Amino acid sequence: MQPGSDLLATIALWVTVVAGITTLLLFAGTMLLRYATNRHERRRRSVIGTWRSTFAAALLSAAAARDCELPRIARWVRPYLLEEWNRVRSLVDGESAANLAALAERLGLEDYARQRLHRHQLHARLLAIQTLGYLGCSAEWDYLHDELLGHANTALSATAALALIQIDPGRGIAEVMPEVIQRADWPRAAVHRILRAAGPALITQPLCHAVVTGDAGTAVRMLRFAELAQTERIDQLVEIVLREREEPVVLAAALRASRNQAGVPRLAQLAGHADWYVRVQAAKLLGRVGGDRDLAVLEQLLADGEWWVRYRAAQSIVQLPFMGPNSLRRLKERQRDRYAADMMQQAMAEVGLA
Amino acid sequence: MGRAILEDTQWLFLIYFIGINVGYLSLNLIATFSLRRHVHTADQYESEMAYSNLELPISVVAPAFNESLSIISSVKALLQLEYPEYELIIVNDGSTDDTLEKMVHEFRLRLFPEAYRDLIETQPVRGVYRSSRYPNLRVIDKENGGCKADAVNAGVNACRYPLVCVVDADSILQADSLRRVVRPFLEDPRTIATGGTVRIANGCTVRRGFLEKIGLPKNFLARVQVIEYLRAFLFGRMGWSPINALLIVSGAFGVFRKDALIEVGGFDPNAIGEDMELIVRMHRYMIAQRRDYRIAFVPDPVCWTDAPESLRDLKSQRVRWQHGLGQALFLNRSLMFHPRGGTVSWLAVPFYLLFELLGPILEALGYVVIIVAGIMGWIAPDTALLFLALALTLGILLSSSAVMLEELSFHMYPRTRDVLLLYAVAILENFGYRQLTVWWRLQGLVRWLSGRKHKWETLTRSQSLTE
């Protein structure tokens, strides 16, 4: 053997040994994990079984939540109890939620959640934040605000935002709303929950402001949540956006958010917009709020070059309340454009009028 | 002379060996962290999504060719998916059996005057049917295009919703698979495609189109494929996804943003591995267009598929995969070392080229050289054995880490006996099976290089998928 080969053989030997030992460790780790998982499952089931009746009683009666006899709480029970309490709490509201909060107080869940808030594990921290939000724990306000709201981790920051709103909506909205507007990484569902928890009265003004003054991306993102704001202000907002903004994506989003044609004087004009996704939204809105004067616009859209515009226009025509089966058939027959006639036929067939 | 050649090439083998194992172990590390994060935030996501109804509507497209035996149960299962708004489009790809007739009868299909759009060119569509029993079910009847890609493209043309989920009609989906796999689209609007983990259904009990009980297959070849799929999905794809360098979304279950799918021209009917080719092309297109995009992977087990249980079927599959890999990389070769290509161009494509496509050559050569050198006395027999032991131990280590990742995340196999069995298979696959697949992959490589056309062969189904 040459020196190079010797070196190679030595490396090979050591790598083989290390790989072998690592494999054995992995095997041992897997078995331990399996044991831990099984034990976790057993314990979880046992805690749910033991506490089911207590939770059920607390949900139904404030007195039970305050006075019912509690099973003994061993140290290992607490994480499972916290998890189960959060699960049940996520299903209820109103009086039952208040009862559960009273029960949590007796169980010391707030203190326990505050301890877990500073843990390393993400799951433990998320559950702790959620608990503190449900319980309206203002003692951790500063930590939630200073350390977590602007955290780079999407789940941590979005959950903290919701908790701040749940703890004090009035104070929270001023802190949370700028993040809602800025953080494009927050999932839509999370933002939806935050805004819904804050309520229309608190979110309408900042939401409208963001739509009017923000860039196109922000405006589109915020318009998606317009349904959560005060209805009358949304009509005004749509009108302002359609009047003052030019970006097609914003126009389309505003049309999608609109519920009322009164706020959309430019609708007929937008039906002829150069971008097809604006025309699609115009066609859809005309179907929801259009009157007999709008039929001509929809008929024009029926012969549009874009399939989706034709399709939505046809669907809108079919759903206009004053268009009976005979009117629809006549409209279809008078189409000179083959694509328009085909689309009318499809839309009519969809509602059983073929 | 032989000894001299051996000395010259040994460092090449060593570098290759270090490269491939460091590569896989790095993927393993990334996957471990990503998986833990995914699992820990899953509860949060579940609770957020539970009442939001914000999921994007999805068109599910399932191509079917001569699926007469299983089509009714497959469609019924697809109609029971848990998702707020989706439509199901079955594409009858010119079946020569009574697939269409069975569907017409069972689902009360009626010819429907659909204004069908040819956004992606396909073989002619003969008719569009709509079910009078299930308003969200349509069947596209088209002339046979000779491949799945053509059928899927016809289905995509008929889609109404912004997301398209492409599934194999004979795959078994988890009831909540759509909800799970749509998560990246909700979390990141730049997402254009996602795939979920595909698992082996052999050995599982299926009832009414859904999995009732999960178990390991009895057949050894299918068992080894369980390990292979764990490796491929849990640390292969999960490792590439966080760095946005995923090169494949399984054809058995993938979700695409429809506008992006149409923009790149849909699935390529001439591609052997149309699923991989599409994803590589999507990367190439988006990078060329300077778009900010993401192709993500969801590790949740969402789809269960029938694995070949005979050597003939398995060989055919592996030859096809290797052929498809070569073709996909070659067709999109401009992606390699593209200045703006980032991790895809500078890491994933070179890795796939070097270790997945050309890997079998070096691996086979490695085995031959060690054995010949040992026999010829160019290296001591114990050294030859040491090198073989090294190759096998590292193989076992990678498979073991995949089993560990499974235990760390989803632990789908409930019995401890199953885990022990998986470890046993992780060891045994290195003695014969792995070498056999290297040989088949070499054949696939030769088939691609020689430009021979791939012949479609009918695979024999395992019994475990019949209800």
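So, how was this worked out
By convention here, each chain's residues receive numbers from 1 onward along its written sequence. Going through the entries in the order they are written, you letter the chains from A and number the ligands from 1. Only residues with pLDDT of at least 70 get local features here, since the model is predicted, and only at 80 or more are side-chain atom pairs given and counted; chain-wide, interface and lining totals rely on the full set of residues. Side-chain measures were taken over the full set of non-hydrogen atoms in the model, leaving aside hydrogen atoms and water. Helix and strand definitions here come from DSSP, where helices need a minimum of 4 consecutive H or I residues and strands a minimum of 2 consecutive E residues; each element is numbered from the N-terminal end. We compute the radius of gyration over the C-alpha atoms and compare it with the globule rule, which gives 2.2 Å times the number of residues raised to the power 0.38. To sort residues, take the accessible area from a 1.4 Å probe on protein chains only and compare it with the maximum for the residue type: under 20% means buried, over 50% means exposed, and anything in between is partly exposed. What makes two residues a contact is simply this: any of their non-hydrogen atoms within 4.5 Å. Using a 1.4 Å probe, accessible areas were evaluated by the Shrake-Rupley method; residue-level cover was limited to the displayed protein chains. We treat Lys and Arg as the positive residues and Asp and Glu as the negative residues; His and chain ends play no part in the count. Note that the charge is assigned to NZ on lysines, CZ on arginines, CG on aspartates and CD on glutamates. In this scheme, a helix's expected span is set at 1.5 Å multiplied by one less than its residue total. Think of a polar contact as two N or O atoms within 3.5 Å of one another; within protein, one of them needs to be a possible hydrogen donor and the other a possible acceptor, and neighboring residues in sequence only count if both atoms come from side chains. Criterion used throughout: strands pair if DSSP finds at least two bridges between them. Criterion for a salt bridge: a side-chain nitrogen of Lys or Arg within 4 Å of a carboxyl oxygen of Asp or Glu. Here the buried area means the combined drop in accessible surface, using a 1.4 Å probe, for two parts upon being joined, counting both sides. The residues that make up patches have over 30% relative accessible area and no salt bridge, and they are joined within 9 Å when like-charged or within 5 Å when they are Val, Leu, Ile, Met, Phe, Trp or Tyr. Stacked, tilted and edge-to-face are the three classes applied to pairs of Phe, Tyr and Trp rings, where Trp contributes its six-membered ring and a pair requires centres within 6.5 Å; stacked means planes under 30 degrees apart, edge-to-face means over 60, and tilted covers the rest. Geometrically, a charge over a ring is one whose NZ (Lys) or CZ (Arg) sits within 6 Å of the ring centre while staying within 35 degrees of the ring normal. One number per residue, pLDDT, summarises how confident the predictor is, and it ranges from 0 to 100. With axes taken as lines fitted to C-alpha atoms, and helix axes fitted only over the stretch in contact, angles between N-to-C directions fall between 0 and 180 degrees. Angles are sorted into four bins: roughly parallel if under 35 degrees, roughly antiparallel if over 145, roughly perpendicular if 65 to 115, and oblique for all others. With the far helix as reference, a near helix turned anticlockwise by less than a right angle produces a left-handed crossing, and one turned clockwise produces a right-handed crossing. Classification convention: Asp, Glu, Lys, Arg as charged; Ala, Val, Leu, Ile, Met, Phe, Trp, Tyr, Cys, Pro as nonpolar; all other residues, Gly among them, as polar.

*Asks:* How do you make sense of the overall build of chain A when you look at a structure like this?
*Replies:* The helix and strand inventory of chain A stands at 20 helices and zero strands. Relative to the globule expectation of 20 Å for 354 residues, the C-alpha radius of gyration of chain A, 30 Å, shows a markedly less compact shape. Taken over 354 residues, chain A has a buried fraction of 50%. Long-range contacts, defined here as pairs at least 24 residues apart, represent 66% of the contacts in chain A between residues at least 6 apart. By element, 52% of the accessible surface of chain A is carried by carbon and sulfur atoms, the whole surface being about 16700 Å². Distance between charge centroids for chain A: 7 Å, based on 43 positive and 37 negative side chains.

*Asks:* Looking at this structure, how should I read the environment of S334 of chain B?
*Replies:* All names here are of chain B. Within the element layout of this structure, S334 appears in the loop between α10 (311–331) and α11 (342–357). With relative accessibility at 46%, the residue S334 sits in the partly exposed group. Residues S334 and A288, spaced 46 residues apart in sequence, show a C-alpha to C-alpha distance of 9.7 Å.

*Asks:* Even after reading the chapter, I still don't get helix α7 (residues 220–240) of chain B, so can you show me in this structure?
*Replies:* Each α-helix turn comprises 3.6 residues. Residues three or four places apart therefore point the same way. Residues and elements named next belong to chain B. Between the first and last C-alpha of α7 there are 29 Å, a value that for 21 residues agrees with the 30 Å anticipated at 1.5 Å per step. Of all 21 residues making up α7, 17 are buried, and the element is well covered by its neighbours. Of the residues that open α7, the one with a side-chain oxygen 2.8 Å from the backbone nitrogen of L221 is N219.

*Asks:* Would you explain the sheet that holds strand β1 (residues 58–64) of chain B in this entry?
*Replies:* Two modes of strand pairing occur in sheets, parallel and antiparallel, and in both the strands are linked by backbone hydrogen bonds. All names here are of chain B. Spatial strand order, β3-β4-β5-β2-β1-β6-β11-β8-β12-β7: 10 strands in an open sheet with mixed pairing. Unpaired on one side and paired on the other, β3 (109–111) and β7 (172–173) mark the two borders of the sheet. Bridging between strand β4 (residues 125–131) and strand β5 (residues 137–142) involves five bridges; their strand directions are antiparallel. Paired with G127 across the bridge in β5 is D141.

*Asks:* Where do I start with the pattern of salt bridges in this structure?
*Replies:* Think of it this way: side chains of opposite charge can pair up when their charged atoms draw near. With the rule as written, the count across this model stands at 36 salt bridges over all chains. Salt-bridge contacts for R160 of chain B lead to E114 of chain B; the nearest nitrogen and oxygen are separated by 3.2 Å. Placement of the pair is R160 of chain B in the loop between α4 (148–157) and β6 (163–167) and E114 of chain B in the loop between β3 and β4, with a sequence separation of 46 residues. In terms of burial, R160 of chain B and E114 of chain B fall into one category: buried. Salt-bridge contacts for R281 of chain B lead to E277 of chain B; the nearest nitrogen and oxygen are separated by 2.9 Å. On the criterion of helical spacing, the pair formed by R281 of chain B and E277 of chain B is a turn pair, its members being four residues apart in helix α9 (residues 274–288). Through salt bridges that share partners, E350 of chain A together with E87, E114, R130, R138 and R160 of chain B make up one connected network.

*Asks:* Sorry if this is basic, but what is going on with the interface of chain B and chain A here?
*Replies:* As a measure of interface size, the accessible area lost when the parts come together is often cited. At the junction of the two partners, chain B supplies 51 residues and chain A supplies 49 residues. Between chain B and chain A, the buried area comes to about 4600 Å², and carbon and sulfur atoms account for 67% of it. Along the contact surface separating chain B from chain A lie three salt bridges. E407 of chain B is paired through a salt bridge with R34 of chain A; the nearest N and O atoms lie 2.7 Å apart. Linking chain B with chain A are 10 residue pairs in polar contact (both at pLDDT 80 or more), by the criterion used here. Where the side of chain B that touches chain A is concerned, the elements lending two or more residues are α1 (2–50), α6 (183–187), α13 (381–409) and α14 (416–428) of chain B.

*Asks:* Would you take a moment to explain a nonpolar patch on the surface for this structure?
*Replies:* Taken together, the side chains of L13, W14, V17, V18, I21 and L25 of chain A present a nonpolar region at the surface, about 590 Å² in accessible area. By secondary structure assignment, the location of V18 of chain A is in helix α1 (residues 3–60).

*Asks:* Could you clarify how one ought to interpret the packing of aromatic side chains in this entry?
*Replies:* Ring pairs (aromatic) are described by centroid distance and by the angle formed between their planes. Under the criterion given, the structure shown has 20 aromatic pairs over all chains. Of the aromatic side chains, those joined through ring pairs into one cluster are Y16, Y24, F235, W240, F351, Y352 and F355 of chain B. Between R117 of chain B and the ring centre of W307 of chain A, over which it is positioned, the NZ or CZ distance is 3.7 Å. Across from the ring centre of F112 of chain B, 5.0 Å away, lies the NZ or CZ of R130 of chain B, which sits over that ring.

*Asks:* Help me out: how do you make sense of unusual backbone geometry in this one?
*Replies:* Excluding glycine, residues mostly carry a negative phi; peptide bonds, for their part, are mostly trans. All names here are of chain B. Phi is positive for R108, which is not a glycine, with a value near 50°. You can see R108 is positioned in the loop between α3 (99–106) and β3. Positive phi, normally seen in glycine, also occurs at H411, with a value near 25°. Along the polypeptide, H411 turns up in the loop between α13 and α14. Classification of H411 as partly exposed rests on a relative accessible area of 33%.

*Asks:* Hey, could you run me through the pairing of strand β10 (residues 210–213) of chain B in this one?
*Replies:* Look at any regular strand and the pattern is simple: side chains alternate between the two faces of the sheet. Residues and elements named next belong to chain B. As judged from the three bridges shared by strand β9 (residues 205–207) and β10, these two strands associate in the antiparallel manner. Bridging across to β10, V206 finds its partner in L211. The turn linking β9 back onto β10 is made up of two residues, and R208 within it adopts a positive phi angle of 50°.

*Asks:* What is the right way to look at α9 of chain B in this model?
*Replies:* Residues and elements named next belong to chain B. Helix length check: α9 (15 residues) gives 21 Å between terminal C-alpha atoms against 21 Å at 1.5 Å per residue, within 8%. Those residues of α9 that sit buried are E274, D275, M276, E277, L278, I279, V280, R281, M282, H283, M286 and I287. At the C-terminal side of α9, R290 shows a positive phi close to 55°.

*Asks:* Would you take a moment to explain the confidence of the model for chain B for this structure?
*Replies:* When pLDDT drops low, the exact placement of atoms in the prediction is not to be read closely. A residue-level look at chain B finds 93% of positions with pLDDT of 70 or above and a mean pLDDT of 88. The complex model carries a pTM of 0.82, and its ipTM stands at 0.81.

*Asks:* Looking at this structure, I do not really get the packing of helix α12 (residues 359–376) of chain B against α13 of chain B. What am I missing?
*Replies:* When two helices pack together, their arrangement is captured by the angle between the axes and the distance separating the axes. All names here are of chain B. With their axes 9 Å apart at the nearest point, α12 and α13 run at an angle of 160° to one another. Accordingly, the angle class assigned to the pair α12 and α13 is roughly antiparallel. Handedness of the α12/α13 crossing: left-handed. For the pair α12 and α13, the contacting residues are Y367, I370 and G374 in the first and A384, F387 and L388 in the second. For the contact of α12 with α13, the residue count by class is five nonpolar, one polar and no charged.

*Asks:* Can you walk me through a negative patch on the surface in this structure?
*Replies:* All names here are of chain A. A cluster of acidic residues, D142, D146, E147 and E175, forms a negative patch at the surface. It is helix α7 (residues 141–148) that contributes the most residues to the negative patch, three residues altogether. Counting through the fold element by element, D146 comes out in helix α7. Residue D146 is classed as exposed on the basis of its relative accessible area, which comes to 52%.

*Asks:* In this structure, what is going on with the pairing of strand β11 (residues 253–257) of chain B? I would like to understand it.
*Replies:* All names here are of chain B. For β11, the buried fraction is high: five of the five residues fall into the buried class. The side-chain alternation of β11 yields two buried faces, one formed by F253, V255 and R257 and the other by G254 and F256. Direction of pairing for β6 relative to β11: antiparallel, over a ladder of five bridges. Across the sheet, the residue bridging to V167 is F253, located in β11. Of the strand pairs in this sheet, strand β8 (residues 191–200) and β11 are connected by three bridges, and their pairing is antiparallel. When the sheet's bridge partners are listed, A193 is paired in β11 with F256.

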